[in-house]
Amino acid sequence: MEKFDILFQVCLILGFALPCLNLIAGFFDGLDGVADLNFDGDGGLANTFFPFNFMCFMLAVGIFGIFGKVLLGRIALAVVLLIAVGSGLLGYAVMYRFVFLPLSRNRDEVESHDFQDLIGKDGVLILQITKEHCGTIRTTDSTGAAITYMAAATEEELERHQNCMPLGMQVRIIDVLEEKRCCYVEELGGEEG
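Description of the structure in this document.

1. Focus: the pattern of salt bridges
- Taken as a whole and judged by the stated rule, the model has 3 salt bridges.
- Taking the shortest distance from any N to any O, the salt bridge between Arg172 and Asp122 comes out at 2.8 Å. Of the two residues, Arg172 is situated in strand β6 (residues 170-177) and Asp122 in strand β1 (residues 122-127); the sequence distance between them amounts to 50 residues.
- By relative accessible area, Asp122 is classed as partly exposed at 26%.
- With a shortest N-O distance of 2.7 Å, Glu157 and Arg160 are connected by a salt bridge. In this pair, Glu157 and Arg160 are both assigned in helix α5 (residues 155-160), 3 residues apart and thus about one turn of the helix distant.
- Given a relative accessible area of 6%, Glu157 falls into the buried group.

Shown next as structure tokens:
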């Protein structure tokens, strides 16, 4: 029983800590292709494979932990596991259907506008850019809503900043790589923006 108590506690903590860290620091914002395997019906695997989204999965893990923690020791372990897994799956399905899919469709509509329109827009780095890794920029879309994109910088720009453009730096988009949905940025510096 103690092992299951620890399992439920870890699931509860991870299920809610990781999404909170993402909200605060944007840890997963730049990992769209890695963190979200979104098979949402666009000719993908939606009809043949269970759709996956990292944030919905974290909610399911948290719900699993809550139900397991609350019910452990009160009813049989097999029933606790059954209820915890069922509740987690239900939470996942509800979040995916009523939160993720509408937001995903909205993002697709917003991103369907010309990606070239981002050139000249100002933003802030929410994940640092280094020589080895791309970062993430938060800017606004054509409707004025905040949106994030993968961000990179030229070698010259990185050298000006000792190969690291830090989190929180005010930047301007100077070019885009549409096929990778990546924005090339430079520091605003003394320029008026």
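2. Description of the sheet that holds strand β3 (residues 135-140)
- Taking strand neighbours around the barrel as the criterion, the 5 strands line up as β1-β3-β4-β7-β6 in a closed arrangement whose pairing is mixed. Looking at each pair of strands side by side, their axes are set apart by 55 degrees on average, direction ignored.
- Here β3 runs beside strand β4 (residues 146-152); their pairing, made up of 6 bridges, is antiparallel. Bridge pairing in β4 links Thr136 to Met150.

3. Notes on the packing of aromatic side chains
- Following the criterion strictly, the structure yields 4 aromatic pairs and no others.
- On the basis of an interplanar angle of 35 degrees and a centroid distance of 6.4 Å, the ring pair of Phe4 and Phe8 is categorised as tilted. Of the two residues, Phe4 and Phe8 are both situated in helix α1 (residues 2-25); the distance of 4 residues between them amounts to about one turn of the helix.
- Here Phe4 falls in the partly exposed class, since its relative accessible area comes to 29%.

4. Let's talk about the pairing of β4
- Burial analysis of β4 places 5 of its 7 residues in the buried class, the great majority of the element.
- Direction of pairing for β4 relative to strand β7 (residues 182-187): parallel, over a ladder of 3 bridges. Opposite Ala152, over in β7, you have Tyr184 as the bridge partner.

5. A few points about a nonpolar patch on the surface
- Taken together, Phe16, Ile66, Phe67, Val70, Ile75, Val79 and Ile83 make up a surface patch of nonpolar side chains, about 510 Å² in accessible area.
- Those elements that place two or more of their residues in the nonpolar patch are α3 (54-71) and α4 (77-111).
- In terms of residues, the nonpolar patch owes the most to one element, α3, which gives 3 residues.
- Looking at the secondary structure, you find Ile66 in helix α3.
- On the accessibility criterion, Ile66 (35% relative accessible area) is partly exposed.

6. Digging into the nonpolar core
- Core analysis: the biggest nonpolar cluster contains 17 residues, and Leu125, Ile129, Ile137, Met165, Cys183 and Val185 have the highest contact counts within it.
- Among the elements of the structure, β4, β6 and β7 are those that each provide at least two residues to this core.
- The next biggest cluster of nonpolar side chains, apart from the first, holds 10 residues, and it includes Phe8, Phe54, Val61 and Leu72.

7. Description of unusual backbone geometry
- Despite not being glycine, Gln162 shows a phi value in the positive range, around 55 degrees.
- Within the fold, Gln162 resides in the loop between α5 and β5 (164-165).
- A relative accessible area of 67% means that Gln162 is categorised as exposed.

Conventions used here
- Residues numbered from 1 in each chain as written.
- Predicted model: local features only at pLDDT ≥ 70, side-chain atom pairs only at ≥ 80, totals over all residues.
- Heavy atoms only, no water.
- Salt bridge = Lys/Arg side-chain N within 4 Å of Asp/Glu carboxyl O.
- Helix = DSSP H or I, 4+ residues; strand = E, 2+ residues; numbered from the N terminus.
- Buried < 20%, exposed > 50% of the residue type's maximum accessible area, 1.4 Å probe, protein only.
- Pairing = 2+ DSSP bridges.
- Axes fitted to C-alpha atoms, helices over the stretch in contact; angles between N-to-C directions.
- Phe/Tyr/Trp six-rings, centres within 6.5 Å; stacked < 30°, edge-to-face > 60°.
- Patch = residues over 30% accessible without salt bridge, like charges linked within 9 Å, V, L, I, M, F, W, Y side chains within 5 Å.
- Areas by Shrake-Rupley, 256 points an atom, 1.4 Å probe, with all protein chains shown as cover.
- Core = buried A, V, L, I, M, F, W, Y, C linked by side-chain atoms within 4.5 Å.

Functional significance is not addressed by these values, which are geometric in nature.
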